[in-house]
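These are the residues of each chain, in order.
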Amino acid sequence: MTSLHFTNARLYLGDGVWRDGGVLVRDGRIAAVGADDELAALRDPGTELRDAAGGSLLPGFHDTHVHPPMAGSSLLGIDLMPAHDAGEYRRVIAAYAAAHPELDTIVGVGWYGDVFPGGFPTRELLDEVVPDRPVILTSHDGHGVWVNSRALEAAGVRDDVADPLGGRFVRDAAGRLTGVLLDTAVQALAAITPPPPPGFLEEAILAAQQRLHSVGITTWHDAAVGASELGPDSFDSYLALAARGELTARAVLCQWWDRDRGLEQVDDLIARRARAAEVPGLSAGVVKIMQDGVIENHTGALLEEYADGSGERGDSFIPPEQLKTIVAELDARGFDVHLHAVGDRAVRECLDAVAHARTVNGPDGGRHQLAHLDVVDPADFDRFAALDVTANAQLLWARTDTEIVERKLPMMGHDRATRHFPFESLRRHGARIVGGSDWPVSDPNPLWAMHTGTTRLAPSTDPHATGQALTEPLLAAEALPLATVLDAYTGTAAWVGRVEGATGRLAAGYAADLVLLDRDISDGRGLDTARVVETVVAGVTVHRA
Ligand SMILES: [Zn+2]
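- The protein has the name Amidohydrolase in an unreviewed UniProt entry, where Leifsonia shinshuensis is given as its organism.

Printed below as a string of structure tokens:
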């Protein structure tokens, strides 16, 4: 195995500590961290030299909430993510349809609602481009699907269809379906959604892996493994890739909690955990539970009514008493629980469930985490530290894009808008914070997330920055310190993924999971324009610009 010597670098050791010098890598591990001349004396004749030229060298980044199979699928099919314009969507869809006459059904992802008048696209727009075959396009946040008329016909979905729990069919003033289905309503398309061809998921994961390595990710938590409304089951695909040595990242597989089943599924989760444990670099000791949807669709669960006069408070996907039983059982069986909690009521219900588990099983149970945290009631700030619950933050979301200012904030109302993504408040109350992109919901670049996390402004390089997102911070007082966001993607993330003794730090004996940047970021400036030069996992270069 090759030996590498990174010299002339700004080293981030973890916990806010920087120093100048280099790192010597041997046999997949960090052999030494120190001054350049000290390490030079330790080199072998075959050691490859890497001059960092003053750039930052950090532990490889961990994305603790990401959906690589879904994101990778977009890299292989219709991908609307690079655009932010209805005309451009039309052009991309038409070109894809023309290039794929063999497909009976066309699928794709990545549209943003705010490019359309009223916040949603319509089926007529798609009918003009593809009238003859079903088209099914998932939104960038994964919570909405845009279809053409042919898709609704094929699925047998008519105007008189009832909204399911946790979902909605968008209708016009006359009650006609507009071609947008939200959250669980998407299940109505199950019969016409083509199953992925053999090997497709493996290809998708590899495409995602390449992209994630290119932004410095060396470990990820797949936040939905198992058949779900977010996509097909990718568990066997991960195992197959790992067995062939093609999975070059470390992966924590968060097993999907099937809300249509009960505690009897725990034995299946345990069996899968055992299978993953046999594979180096893989683990499956986490269970992912969705407790609500998103604010924008009225499916985020709020303590008080939405402020838009709808009278709604959002759905608790699982009744709170049942959630307590589930979390306590998973905690007792040695699982860490990763809970989707957007609204302040969902946050409280999830914290109550962990509190119940701690009471029943004792305080030393799972490393549980709550993801998203769009609104947190101040009465719950202290409970994260008290219950040892980690806040899983999508830092890149905390900004003043048009979609947020014009659509989301009015739904939240003034008081709740002052507690929107309250990450610094949580930190000051002792909460441990980790970072996740939720890609393909938003871009996977951790440097962008760190930029927004520390400024509450959009990255200057982000095509989806709209309105005042580049100039008006979203609650500037909620900006986090640089060390917190760096640790959120390195040392703290390693802890929540149970690999803290192996990776997440620059120290002798740790795995050589490294990311080299083209500049010094130790003053916290230029995070949004910094670029990854090289990514290394266990001493092997997996990306080089
Ligand atoms: Zn997610």
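That shown, we press on.
Thoughts on empty space enclosed by the protein
Phase 1: Scanning all chains against the criterion turns up three cavities of 30 Å³ or more.
Phase 2: Space inside the largest cavity adds up to approximately 540 Å³.
Phase 3: Lining the largest cavity are 36 residues, and of these His140, Asp141, Glu296, Glu403 and Val441 lie nearest its centre.
Phase 4: Here the lining of the largest cavity gets four residues from one element, more than from any other, and that element is helix 12 (residues 402-412).

Description of the packing of aromatic side chains
Phase 1: Taken as a whole, this structure holds eight aromatic pairs when the rule is applied.
Phase 2: For the pair tyrosine 12 and tryptophan 18, a centre-to-centre distance of 5.0 Å together with 55° between the ring planes defines the contact as tilted.
Phase 3: Using a relative accessible area of 17% as the deciding quantity, one classes tryptophan 18 as buried.
Phase 4: Aromatic ring contacts, followed pair by pair, group Tyr89, Trp111, Phe116 and Trp146 into a single cluster.
Phase 5: A cation sits over an aromatic face here: arginine 211 above tryptophan 439, 5.8 Å from the ring centre.
Phase 6: The ring centre of phenylalanine 335 lies 4.0 Å from the NZ or CZ of arginine 273, which sits over that ring.

Topic: the layout of surface pockets
Phase 1: There is about 1300 Å³ of room inside the largest pocket.
Phase 2: Around the largest pocket, the lining comprises 45 residues; the ones closest to its centre are Val107, Thr193, Pro194, Gly231 and Pro232.
Phase 3: Secondary structure elements with two or more residues in the lining of the largest pocket: helix 2 (68-76), strand 8 (106-111), strand 9 (135-139), helix 6 (200-214) and strand 13 (217-225).
Phase 4: Take the lining of the largest pocket: its biggest share by element is five residues, from helix 2.
Phase 5: For the lining of the largest pocket, the per-class residue count stands at 25 nonpolar, 16 polar and four charged.
Phase 6: When we break the lining of the largest pocket down by domain, the ones giving at least three residues each are domain 2 (69-192) and domain 3 (200-496).
Phase 7: The computed volume of the second largest pocket comes to approximately 340 Å³.
Phase 8: Taken together, 17 residues form the lining of the second largest pocket, with Thr184, Gln187, Glu229, Arg259 and Asp260 sitting closest to its centre.
Phase 9: Looking at the lining of the second largest pocket residue by residue, the class counts come to eight nonpolar, five polar and four charged.

Here's the deal with the state of the cysteines
Phase 1: A complete count under the given rule lists zero disulfides for this structure.
Phase 2: Here cysteine 254 is not cross-linked by a disulfide; its sulfur's nearest cysteine counterpart is in cysteine 350, at 14 Å.

Observations concerning the domain arrangement of the protein
Phase 1: Domain annotation of the protein identifies domain 1 (4-60 + 506-544), domain 2 (69-192) and domain 3 (200-496).
Phase 2: Domain 1 and domain 3 are separated by 29 Å when their C-alpha centres are compared.
Phase 3: Taken together, the contact between domain 1 and domain 3 spans 28 residues of the former and 22 residues of the latter.
Phase 4: For the pair domain 1 and domain 3, the summed buried surface comes to about 1800 Å²; carbon and sulfur atoms form 65% of the total.
Phase 5: When the buried area of domain 1 at its contact with domain 3 is split by residue, Leu527, Asp528 and Val537 rank highest and sum to 33% of it.
Phase 6: At the surface where domain 1 touches domain 3, the tally comes to one salt bridge.
Phase 7: With a shortest N-O distance of 2.6 Å, aspartate 513 and arginine 250 are connected by a salt bridge.
Phase 8: When residues in the side of domain 1 that touches domain 3 are grouped by element, the largest group, four residues, is from strand 21 (residues 532-537).
Phase 9: Grouping the constituent residues of the side of domain 1 that touches domain 3 by class yields 16 nonpolar, eight polar and four charged.

Remarks on the coordination of the zinc ion
Phase 1: The protein atoms donating to the zinc ion are His65 (NE2), His67 (NE2) and Asp438 (OD), with metal-donor distances spanning 2.1 Å.
Phase 2: One chain supplies every donor to the zinc ion, and in sequence these donors are spaced H-x1-H-x370-D. Remark: aspartate 438 occurs in the loop between strand 19 (433-435) and helix 15 (446-455) and histidine 65 occurs in strand 6 (residues 61-66); sequence separation between them is 373 residues. Comparing histidine 65 with aspartate 438 shows no difference in burial state: the two are buried.

Section: the sheet that holds strand 18 (residues 390-393)
Phase 1: If you walk across this open sheet you meet the eight strands as 6-13-14-15-16-17-18-19, and the pairing is parallel. The sheet is open, and its two edges are formed by strand 6 and strand 19, each paired on a single side. Averaged over all neighbouring strand pairs, the angle between strand axes comes to 25°, with direction disregarded.
Phase 2: Sitting on the sheet, helix 9 (residues 320-332) touches strand 15 (282-290) and strand 16 (336-341), and the angle it makes with strand 15 is about 170°.

Conventions adopted
Residues numbered from 1 in each chain as written. Predicted model: local features only at pLDDT ≥ 70, side-chain atom pairs only at ≥ 80, totals over all residues. Heavy atoms only, no water. 1 Å grid on protein atoms, 1.4 Å probe; cavity = no way out; pocket = protein on both sides within 12 Å on 5 of 7 lines; lining within 4 Å. Points joined across faces, edges and corners; volume = space filled by probe spheres on them. Helix = DSSP H or I, 4+ residues; strand = E, 2+ residues; numbered from the N terminus. Phe/Tyr/Trp six-rings, centres within 6.5 Å; stacked < 30°, edge-to-face > 60°. Buried < 20%, exposed > 50% of the residue type's maximum accessible area, 1.4 Å probe, protein only. Lys NZ or Arg CZ within 6 Å of the ring centre and 35° of its normal. Nonpolar A, V, L, I, M, F, W, Y, C, P; charged D, E, K, R; others polar. Domains from an automatic or database assignment. Disulfide = S-S within 2.5 Å. Contact = heavy atoms within 4.5 Å. Buried area = accessible area lost by both parts, 1.4 Å probe. Salt bridge = Lys/Arg side-chain N within 4 Å of Asp/Glu carboxyl O. Donors = N, O, S within 2.8 Å, 3.2 Å for Na, K, Ca; no water. Pairing = 2+ DSSP bridges. Axes fitted to C-alpha atoms, helices over the stretch in contact; angles between N-to-C directions.

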